[in-house]
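Fold and geometry: a report
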Amino acid sequence: MDEPRIRILGIAPYEGMKTMMASLGEEYPQVDLTLFVGDREQGLEIAKTNFHGNYDVVISRGGTASMLRQDLSIPVVEIEISMYDILCALKLAGGPPGRIAMVAASSFAASAQRLCEVMGYDLDIYPYASHEDIERILLEARQVEYQAFLCDMVANTIANRLGISSFLITSSLESVRKAFDQALFLCRSQQRLRDENQFFRQLLHGQLSQTLVFDQNGALFFSSEDNASPELVALLRRELPESRAELERRVIRNLGGMIYSIRTRQINSGSLSYTAFFADVRRSPLAPNQAGIRFSSRPEAESAFYDSIFSFAGTIGEFQDEIARINQSTAPVIVTGEDGTGKETIVSVLYMRSLLKNNPLVSINCSLLNEKSWAFLMEHHNSPLADGGNTLYFASIDVLSTERQRQLLAALSEMEICRRNRVIFSCVCQSSEYVSPVGSLFIDKLCCLSLHMPPLRQMAERIPTLVNLSLSYLNADLPRRIVGVEPEAMALLQEFRWPHNYTQFRRVLGELAVTAPGQIITAEDVRQLLRKERHVGVFSPHAENASVPLDLNRTLDQISQDVARRVLEETGGNQTAAAKRLGISRTTLWRLLQK
């Protein structure tokens, strides 16, 4: 008789561990493995909404594993942090030789303590028992001058939010394999059977749409999606009162640019009553009169910030005081800087920390506005300029024509838009400028406060720290760990000019982490990649949704030569393609470039 298959639910705190667990699962043919990425409360929600999978055991790590043990009836096996895992994190952090702090779940403390005793390391351990303690612990620890912070996934996320640079402690393949072996031992010694859940079979039979079920107390009882959208959950919860009054009901709702066709049904199971929602979703067509205008909420702005290098590298800390001073005033603000210096990110932070953070952020991308959307913005009664209490962000005002600049300044002044809303602008500067001519015009006319984002080349001394923190962040999504960079490789990264600044830096580090053959990034790895980067021009149509504007205060020959060079860069140096796009011969293009 064949051995019964063992069903394991794996909840990894980061994407790299999920990949590692999936690879390891192939070594256990007797296992049916289901994997999700989630931490603490998110991990618990995943486990609860997937219990219909009839799992035999759950494998997770740290605080998530501890929380799951308290709420689940099936065994939970914890992936332990070994001394080797801590040593790898210490290596990336550049330690010892100074004092290093470790902030992690209590279950990790024992391994760390043994390592300190054996190696004689000066490692201060800050264990936490509950999620609520982490922020207080980090803020207290920041008062001490530590060389580096080592954190588990939960503490690392909160550290990034607080602007504290930290290194994520990742788990080795051996630690994960040990957890798999323990899970198999538990399941074989405690073989258990479960009755099939007829409720869920009836509920999901033949359903291809998203299914969400609420209990009689309004709590989300089940979701067919791994991570149900909080906005969709909130929308459906508002529909509960009317849906409970009918056995079945159909409604159509618009949410975040998506159209939801929703069918509701009441389901009774014994003494319990449930409300089920079946939602089919399709994208709402973009209205041509709103191109370039986007509405965001605080959670969306926070998500954009946490995914930026300013978050995980702690770079935002350099602007903390200036942001606090600017947010004490309601005056308009202009954020200046070269292409790729993080102007979009700093605007998100200004919004997140302002008094209007619970009201919408309206982003108006001047480079995407067409005639209809400009008319909608200036004339329509539903224009965001006619509203109040919002944060209005005008991105890339440099690309506006002189006429549109005049119209916008007139509207801002005559409609008292800056008094009714918080208004923020951004402009792209050349390498020798603090602010562009258009930005200077808006500063003078509207008495704007200004915030300048310096280029990366002016902070070459910070690049080693940025590299190590970026690699620590990237390790969470990699199946193998990068534990360092050769000194010569680091020197090459410091010497590079970074014309696209942080946008380019993050892309290059990501490519190095993926393509480097070993766990150490070598000078040759960097040299090969930067050789390609030197052929990338200073014009980037995708970075921050804006290009560096042409300087029209030159002769026609100079402007034509600039245009030809930009087109040649966009075509990857292909002169035939560039000439065809410009409508000239290759000979004419060659002569133009030689002037």
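Counting starts from 1 at the beginning of each chain's written sequence and moves along it residue by residue. Local features in a predicted model are, by the rule used here, given only for residues with pLDDT of at least 70; side-chain atom pairs are given and counted only at 80 or more, and totals for whole chains, interfaces and linings are based on all residues. Values shown for side chains rest on all heavy atoms present in the structure; no hydrogens or waters enter the calculation.

Describing the overall build of the protein chain
Helix and strand content of the protein chain: 25 helices and 21 strands. Each residue's exposure class comes from its accessible area (1.4 Å probe, protein chains only) as a fraction of the maximum for that residue type: buried when under 20%, exposed when over 50%, partly exposed otherwise. Evaluated residue by residue, the protein chain yields a buried proportion of 50% over its 595 residues. Within the protein chain, residue pairs in contact and separated by at least 24 positions form 68% of the contacts whose partners lie at least 6 positions apart. About 28600 Å² of surface is accessible on the protein chain, with carbon and sulfur atoms providing 51% of the total. Here a strand is any run of E in DSSP of at least two residues, a helix any run of H or I of at least four, and the numbering for each starts at the N terminus. Residue contacts follow a heavy-atom distance rule, with two residues in contact if any of their heavy atoms lie within 4.5 Å. Accessibility throughout is a Shrake-Rupley quantity obtained with a 1.4 Å probe, and a residue counts as covered only by protein chains that appear here.

Overview of the sheet that holds strand 4 (residues 76-79)
By definition, two strands form a pair when at least two bridges between them are found by DSSP. Ordered by their spatial adjacency, four strands build an open sheet running 2-1-3-4, and the pairing between neighbours is parallel. In this open sheet, the two edge strands, each paired with only one partner strand, are strand 2 (31-37) and strand 4. Neighbouring strand axes in the sheet, compared pairwise and without regard to direction, differ in orientation by 20° on average. Two strands pair when backbone bridges link them, and strand 1 (residues 6-12) and strand 2 are joined in this way by seven bridges, in the parallel orientation. Within strand 2, the residue paired with I6 across the bridge is V31. The angle between two axes is taken between their N-to-C directions and runs from 0 to 180 degrees, where each axis is a line fitted to C-alpha atoms and a helix contributes only its stretch in contact. On top of the sheet, helix 1 (residues 15-25) reaches strand 1, strand 2, strand 3 (57-61) and strand 4; it is set at about 170° to strand 2, its chief contact.

A short note on helix 1
Every buried residue of helix 1 is accounted for by G16, M17, M20, M21, L24 and G25. At its buried positions, helix 1 is contacted by strand 1, strand 2, strand 3, strand 4, helix 8 (173-189) and helix 19 (463-475).

What to know about the sheet that holds strand 7 (residues 148-151)
The strand order across the open sheet built from four strands is 6-5-7-8, with neighbouring strands paired in parallel fashion. Either end of the sheet is taken by a strand with one partner, and the two such strands are strand 6 (123-128) and strand 8 (167-168). Relative to strand 6, strand 5 (residues 100-105) is paired through six bridges, and the arrangement is parallel. Within strand 6, the residue paired with V103 across the bridge is Y126. Packed on one face of the sheet, helix 5 (residues 106-119) meets strand 5 and strand 6 and runs near 165° to strand 6.

Comments concerning the pattern of salt bridges
We define a salt bridge as a contact between a side-chain nitrogen of Lys or Arg and a carboxyl oxygen of Asp or Glu at a distance within 4 Å. For the structure on display, the rule yields 19 salt bridges. A salt bridge links R136 to E140; its shortest N-O distance comes to 3.6 Å. Of the two residues, R136 and E140 both sit in helix 6 (residues 134-142), four residues apart, roughly one turn of that helix. With relative accessibility at 43%, the residue R136 sits in the partly exposed group. Between E511 and K532 there is a salt bridge, with the nearest N and O atoms lying 3.1 Å from each other. Of this pair, E511 sits in helix 21 (residues 501-515) while K532 sits in helix 22 (residues 523-533), and the two are 21 residues apart along the sequence. Note on E511: relative accessible area 25%, which makes it partly exposed.

A short note on the nonpolar core
Put simply, buried Ala, Val, Leu, Ile, Met, Phe, Trp, Tyr and Cys residues joined by side-chain atoms within 4.5 Å make one nonpolar core. M102, L150, I346, V467, L471, W498 and F505 are the most contacted members of the largest nonpolar core, which has 71 residues in total. Dropping the residues within four chain positions of it, L150 is found in contact with I86, A89, L90, A93, I100, A101, M102, V103, F167 and I169. Among the nonpolar cores identified, the runner-up in size contains 28 residues, and V362, L392, L400 and L409 belong to it.

Examining the environment of F180
Along the chain, F180 falls in helix 8. We classify F180 as buried; its relative accessible area is 0%. Counting along the chain gives 152 residues from F180 to Y28, while the straight-line C-alpha distance between them is 8.8 Å. In contact with F180, other than residues within four places in its own chain, are M21, L24, G25, Y28, L33 and I59.

A look at the side chain of H500
As for its position among the elements, H500 is in the loop between helix 20 (487-495) and helix 21. A polar contact is formed between the side chain of H500 and the side chain of D339, at a distance of 3.3 Å. The term polar contact refers here to a pair of N or O atoms within 3.5 Å; inside protein, the definition further demands a hydrogen-donor-capable atom paired with an acceptor-capable atom, and it admits residues adjacent in sequence only when both atoms are side-chain atoms.

Focus on helix 21
Compared with the 21 Å implied by 1.5 Å per residue over 15 residues, the 21 Å span of helix 21 between its first and last C-alpha is a close match. Of the residues making up helix 21, those classed as buried are N501, Y502, Q504, F505, V508, L509, G510, L512 and A513. Take the number of residues in a helix, subtract one, and multiply by 1.5 Å to get its expected span.

Describing the confidence of the model for the protein chain
Per-residue confidence from the predictor is given as pLDDT, running between 0 and 100. The pLDDT averaged across the protein chain works out to 82; a share of 88% of its residues lies at or above 70. Confidence, expressed as mean pLDDT per element, reaches its minimum in the protein chain at helix 9 (residues 198-204) with 55 and its maximum at strand 15 (residues 333-337) with 95. Note that residues 192-198 has pLDDT below 50 and, in this model, 11 contacts with residues that lie over four places away or in other chains. Within the model, pLDDT remains below 50 along residues 537-547, and this stretch shows 33 contacts once partners closer than five positions in the same chain are excluded.

So, unusual backbone geometry
Here the phi dihedral of S396 falls at roughly 60°; this positive angle occurs in a residue that is not glycine. Residue position: S396 is located in the loop between strand 17 (391-395) and helix 16 (402-414). Even without glycine at this site, W498 takes up a positive phi of about 50°. Note on placement: W498 falls in the loop between helix 20 and helix 21.

Some details on the pairing of strand 9 (residues 210-214)
The buried fraction of strand 9 is high, at five of five residues. Burial of strand 9 is two-sided: the residues Q210, L212 and F214 facing one way and the residues T211 and V213 facing the other way are all buried. In the sheet, strand 9 pairs with strand 10 (residues 220-223) via three bridges, with the strands oriented antiparallel. The residue of strand 10 that forms the bridge with L212 is S223.

Overview of a nonpolar patch on the surface
Like charges are joined within 9 Å and nonpolar side chains (Val, Leu, Ile, Met, Phe, Trp, Tyr) within 5 Å, but only among residues with over 30% relative accessible area and no salt bridge; these make up the patches. Taken together, the side chains of L87, V118 and M119 define a hydrophobic patch exposed on the protein surface, amounting to about 270 Å² of accessible area. In this structure, V118 sits in helix 5.

Digging into the pairing of strand 3
The element strand 3 is largely enclosed, with a buried count of five among its five residues. Burial of the side chains of strand 3 extends over both faces: V57, I59 and R61 are buried on one face and V58 and S60 on the other. Sheet topology note: the strand 1/strand 3 ladder contains three bridges and is parallel. Bridge pairing in strand 3 places L9 opposite V58. The pairing of strand 3 with strand 4 spans four bridges and is parallel. Looking at the pairing, R61 lines up with I79 of strand 4. By convention, a crossover is right-handed whenever its connection, traced from the first strand over the helix to the second and viewed with the strands pointing away, goes clockwise. You can see the chain leave strand 3, run along helix 3 (residues 62-71) and come back into strand 4, and the turn it takes is right-handed.

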